[in-house]
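The lines below spell out each chain.
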Amino acid sequence: MLVLALETSCDETAVAVVRGEGDARPVVCAESISSQIKLHADYGGVVPELAAREHLKALPWMIERTLGEAKVSIGDITAVAATRGPGLKGCLLVGCGFAKAIALAHGIPVLGVNHIEGHVLAPLMDNPGLDFPYLALVVSGGHTEILAVRGVGRYELINRTSDDAAGEAFDKSANLLGLEYPGGPRLAALADKYTSSDFVLPRVMRNDPGISFSGLKTAIALLIAKQGEGAVSDEEVRGRLAFAIQDAIVTALVDKLTAAMKSTGIRHVAITGGVSANRALRARVRAIPRAEVYLPGDQHCMDNAGMIGYVGLERFRRGERSDLRADVQSRWPVETMRLE
Ligand code: KG4
Ligand code: ZN
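On a predicted model such as this, the values are computed, not experimentally measured, just so you know. (Residues numbered from 1 in each chain as written. Chains lettered and ligands numbered in written order. Predicted model: local features only at pLDDT ≥ 70, side-chain atom pairs only at ≥ 80, totals over all residues. Heavy atoms only, no water.)

**Observations concerning the overall build of the protein chain**
For the record, the criterion: Here a strand is any run of E in DSSP of at least two residues, a helix any run of H or I of at least four, and the numbering for each starts at the N terminus. Throughout, the radius of gyration refers to the C-alpha atoms, and the reference size of a globule is 2.2 Å times the residue count to the power 0.38. Each residue's exposure class comes from its accessible area (1.4 Å probe, protein chains only) as a fraction of the maximum for that residue type: buried when under 20%, exposed when over 50%, partly exposed otherwise. Any two residues having at least one pair of non-hydrogen atoms within 4.5 Å are treated as being in contact. Reported accessibility uses the Shrake-Rupley method at a 1.4 Å probe radius. Residues are deemed covered only where the shown protein chains occlude them. Asp and Glu count as negative and Lys and Arg as positive, but His and the ends of the chain are not part of the count. Charge placement uses NZ in Lys and CZ in Arg. For Asp and Glu, CG and CD serve respectively.
Each helix and strand counted, the protein chain has 10 helices and 10 strands in total. Here the C-alpha radius of gyration of the protein chain, 20 Å, is about what a compact globule of 340 residues would show, namely 20 Å. For the protein chain, the spread of C-alpha atoms along the principal axes amounts to about 65 × 45 × 30 Å. Counting over 340 residues, the protein chain shows a buried share of 53%. If you take every contact in the protein chain between residues at least 6 apart in sequence, the share linking residues at least 24 apart comes to 72%. About 14800 Å² of surface is accessible on the protein chain, with carbon and sulfur atoms providing 52% of the total. The distance from the centre of the 37 positive side-chain charges to the centre of the 40 negative ones in the protein chain is 4 Å.

Right, dumping it as structure tokens:
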């Protein structure tokens, strides 16, 4: 089975060709990604209408290029998968519209894939040693949740943020430090130059079973404001603030993951989503006693189409198909993705 996969849920256009032989794990034959970060930087965030138009422009040449790199033609493709949600509605419509058109033109099945299920299963693509069950810490710009992953379509929600996502906490803090959008990786790069900081932030979520970044967000805003006008333009002050912020976000995530390991008894942990690229987070999760840690390859931490093809293939194999009339789903909790 050869699946063409399209990912257009936010500001990354991505295309992949994924192959599955027998029962073996799906393998990515070729994949490409085109980021719109520069386009949205001037606005300080993703502009949905602009993002949708970019996907429309990028998909035709990206599909052609990715098929070429996989050394296959469109006639060799046996099924097509596209992200159906969660994400920006207009953006999802572009990818799903393309997928449906290809399916109709070539008489092949189509499947709408859950983007978070892609992140949840992504570590399986790059870690032959990882198997079910494992805990997935999904940390991205729009999501922060911990799931017990017991199989394809068997996801138990353990914890989920009630407000901001970890990536948002990074990006909003970076904005307060005067760093360009998306500031998460920039804040992390500054923070990684330091090993300590005199700035202190409260350990906000320790006494609460849930995840919430709103208290920390307020504490960060107050701490930065307290330094006074212009303080953040001082490289040293900015760096030490960045260290304290990163440390507080990472500590909160590590606390929650440690609690999830205790409550489920699962020691195998996968960190996934854009924030899984964060080095401090990786190091701190690796240091959790008894944790065995798995990470997606660099190209599969952020949004990508490989993970959409992987999920698509696993589900096509089980006989799943989408109706051509199916709408996109901007909200679509991953734990509802049960297989019959
Ligand atoms: O998964 P992703 O590419 O897109 C979403 O589905 O949201 O995640 C993007 C998020 C952004 O908030 C970005 O700032 C954050 O991941 N991010 C990082 C790092 N790299 C990306 N945050 C902290 N440290 C990083 N190294
Ligand atoms: Zn994502």
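Anyway, onward from the coordinates.
**Concerning empty space enclosed by the protein**
Note the threshold: In this analysis the probe radius is 1.4 Å and the grid spacing 1 Å, with only protein atoms considered; a cavity is a set of points the probe fits into but cannot get out of, a pocket is an open set with protein on both sides within 12 Å along at least five of seven lines, and lining residues have an atom within 4 Å of a point. Grid points are joined across faces, edges and corners, and a volume is the space filled by probe spheres set on the points.
Overall, the coordinates contain one cavity of 30 Å³ or more when judged by the stated rule. Lining the largest cavity are Ala82, Arg84, Cys96, Ala99, Lys100, Val110, Leu111, Gly112, Ser322, Asp323, Ala326 and Asp327. If you list the elements that add at least two residues to the lining of the largest cavity, you get strand 4 (79-85), helix 3 (89-106) and strand 5 (110-114).

**Details of the nonpolar core**
Note the threshold: Side-chain atoms within 4.5 Å link the members of a nonpolar core, which is a set of buried Ala, Val, Leu, Ile, Met, Phe, Trp, Tyr and Cys residues.
Leu135, Leu177, Leu201, Phe213 and Ile249 are the most contacted members of the largest nonpolar core, which has 48 residues in total. Of all elements in the fold, only strand 6 (134-139), strand 7 (144-151), helix 5 (166-176), helix 6 (184-191), helix 7 (214-226), helix 8 (235-264), strand 9 (268-272) and helix 9 (279-286) reach the threshold of two or more residues within this core. Ranked by the residues each element gives to this core, the list is headed by helix 8, at 14 residues. Judged by nonpolar contacts, the second largest core, of 35 residues, contains Leu130, Leu147, Val311 and Val334.

**So, unusual backbone geometry**
A cis amide bond, omega -15°, links glycine 85 with the succeeding residue proline 86. The amide bond that connects tyrosine 181 to the next residue, proline 182, takes the cis arrangement and shows omega of -10°. As for its placement among the helices and strands, proline 182 is situated in the loop between helix 5 and helix 6. Despite not being glycine, lysine 71 shows a phi value in the positive range, around 55°. Within the fold, lysine 71 resides in the loop between helix 2 (48-69) and strand 4. Although it is not a glycine, arginine 290 sits at a positive phi angle of roughly 70°.

**Let's talk about the pairing of strand 9**
Along any regular strand the residues' side chains alternate between the sheet's two faces. Using the following cut-off: In this description, strands pair whenever DSSP reports at least two bridges between them.
Along strand 9, four of the five residues are buried, which leaves the element largely enclosed by surrounding structure. As judged from the four bridges shared by strand 6 and strand 9, these two strands associate in the parallel manner. The residue of strand 9 that forms the bridge with valine 138 is threonine 272. Strand direction decides the pairing type here: strand 9 and strand 10 (residues 292-294), joined by three bridges, are parallel. Within the sheet, the bridge partner assigned to alanine 270 lies in strand 10 and is tyrosine 294.

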